[in-house]
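# Coordinates in review
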Amino acid sequence: MPEPELGEYFLGFQDVIRSEAMAKECVMKTLLISPPYPLFGGETKFASPPLGLAYIAAVLEEAGQEVDVLDCVVADYDNEYVNDRGLLIYGLDTNAILERIAAYKPDIIGISCLFSTVDLTVNDLADTIRERHPSIKIVLGGTHATVMGEDLVRRDSIDFVVKGEGEKAFLELVEHLSGKRDLEDVNNLTWFKGGEIQSTPQRFIDDIDKLPLPARHLLDMEGYMRIGRMQGVTRPGLRATTLITSRGCPADCVFCSIHTVWGKAYRGHSPEYVMRELIELKEKYNIEHVLFEDDNLTFDRARAATIFDAMVEKKLNMSWTTPNGVAMWVLNAELLAMMKRAGCHQLFLAFESGVSDTLVHIVKKPLRLDKAQEIATECRKLGIRTQAFFVLGFPGETEHEEGL
């Protein structure tokens, strides 16, 4: 076979260069922002790692995209100011955020809008970004954005809202904006076009083990620990952090919004995935205390037991708690003893009401109060501290309601 001519070599080299250039054209820069927060009377400031953004960042990185995370609270926790609306805000001020944006030069900005209380702050920030950087695409996500997406995309500054789980949807949106995917093929998306709301189906990730570990290397992990004001932690300097090992809840509690974000189907990371994350936290960040932010850490008893056994076997020597509460209806004495051996020192018990009729007919929580009492008593025996969540004033309740 004759050797290729020099011209053929050159043409092949051109093809390689062209392919590399096309690949680079598909890479977009994304800045994910956890906004500054308003402070209302009597509220306590907090600084907790935005795990939702860290998961999205990890998925984008895995796909070869450029991404960074800016948590405005941890970046300037001590800064407090009154904005144009008269709200007391803590975290980076708008000028400082704009400086970060100008330095990074993103193509896309994703802003977390978890709570309704932060809506006005996010709206003002988006308006300012749109005014200064009209070509940047602005995307909102989070619980509030999921529930109120149709209203939010009517605002001139908002291009898209990603509803529910954002990891795959955000990557699909980036692929659309880089010309690799049709907009209608991006799941979990809402936008406003031609005077009408447009939406694609909301889908959930069946196998969450396929997700990479959260991109904590893009977060100021030392900053969170220095501040020490995560949910369930009030001790500056404690080497603590958060993680989430499961998603979804099959219960029908009337007040809960988690179904809109994670659905009703329970999906847990495998014990192997959870241990990989815990070991990374121990070895890379020297974490001593873990905050399991699951809504249903122990829903699958066998899975939970395997995790707790592995924590003991691997000698992680981590204390841990459940600041979002724990599903009491699946707990028993045996599982509690395993939890204690694995480092559990405190549980937040989600009673919701001390009135059986309220639990059954209004809250619709699958919990018997006699069972709840047994669990609380067993925790006391084991030396596990307890705190409880109650909702006062359900419809139909009076101040004279009698519990149990």
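Figured I'd write up the structure that's included with this text. (Residues numbered from 1 in each chain as written. Predicted model: local features only at pLDDT ≥ 70, side-chain atom pairs only at ≥ 80, totals over all residues. Heavy atoms only, no water.)

A few words now on the packing of helix H12 (residues 301-313) against helix H13 (residues 333-341). For the pair H12 and H13, interaxial distance at closest approach is 8 Å and the crossing angle is 30°. On the basis of the axis angle, H12 is roughly parallel to H13. Like other packed secondary-structure pairs, H12 and H13 cross with a definite hand, here left-handed. Side by side, H12 and H13 meet where Arg-301, Ala-305, Phe-308, Asp-309 and Val-312 of the first sit next to Leu-335, Met-338, Met-339 and Arg-341 of the second. Here the residues of the contact of H12 with H13 sort into six nonpolar, no polar and three charged. (Axes fitted to C-alpha atoms, helices over the stretch in contact; angles between N-to-C directions. Helix = DSSP H or I, 4+ residues; strand = E, 2+ residues; numbered from the N terminus. Parallel < 35°, antiparallel > 145°, perpendicular 65-115°, else oblique. Left-handed = near helix turned anticlockwise from the far one by under 90°. Contact = heavy atoms within 4.5 Å. Nonpolar A, V, L, I, M, F, W, Y, C, P; charged D, E, K, R; others polar.)

Over its twelve residues, helix H2 (residues 51-62) runs 16 Å from end to end, which matches the ideal 16 Å to within 8%, given 1.5 Å per residue. With nine of its twelve residues buried, H2 lies for the most part within the structure. Buried within H2 we find Leu-51, Leu-53, Ala-54, Tyr-55, Ile-56, Ala-57, Ala-58, Val-59 and Leu-60. Following H2 by one or two positions, Gly-64 adopts a phi angle in the positive range, close to 85°. (Expected span 1.5 Å × (residues − 1). Buried < 20%, exposed > 50% of the residue type's maximum accessible area, 1.4 Å probe, protein only.)

The next thing to look at is the sheet that holds strand S15 (residues 319-326). Read from one edge of the open sheet, five strands run S11-S14-S15-S16-S17, paired in parallel fashion. Lying at the two open borders of the sheet, with one neighbouring strand each, are strand S11 (240-243) and strand S17 (385-390). Neighbour-to-neighbour, the strand axes of this sheet turn through a mean angle of 20°, independent of strand direction. Here three bridges tie strand S14 (residues 289-292) to S15, and the two strands are oriented parallel to one another. (Pairing = 2+ DSSP bridges.)

The end-to-end C-alpha distance of helix H15 (residues 369-382), which contains 14 residues, comes to 20 Å, matching closely the 20 Å that a straight helix rising 1.5 Å per residue would cover. Looking at H15, one finds that the buried residues are Leu-369, Lys-371, Ala-372, Ile-375, Glu-378 and Cys-379. Of the residues one or two after H15, Gly-383 is the one with positive phi, at around 80°.

Once that is clear, we can look at the pattern of salt bridges. When the charged atoms of two side chains lie near each other, side chains of opposite charge can form a pair. The final tally for this structure, using the stated rule, is 14 salt bridges. For Glu-80, the salt bridge is made with Lys-45, and the minimal N-O distance between the two is 3.0 Å. You can see Glu-80 sitting in strand S4 (residues 80-82) and its partner Lys-45 sitting in the loop between strand S2 (37-39) and H2, a full 35 residues away along the chain. On the basis of relative accessibility, which here comes to 41%, the residue Glu-80 falls in the partly exposed class. Judged by its relative accessible area of 14%, Lys-45 falls in the buried class. Across the pair Glu-352 and Lys-365 runs a salt bridge, and its minimum N-O distance is 3.2 Å. Here Glu-352 is found in strand S16 (residues 344-352), whereas its partner Lys-365 is found in the loop between helix H14 (356-363) and H15, with 13 residues between them in sequence. Summarising the burial analysis for this pair, Glu-352 and Lys-365 share the class buried. Here the salt bridges do not stand alone but share partners, grouping Glu-165, Glu-167, Arg-247 and Arg-267 into one network. (Salt bridge = Lys/Arg side-chain N within 4 Å of Asp/Glu carboxyl O.)

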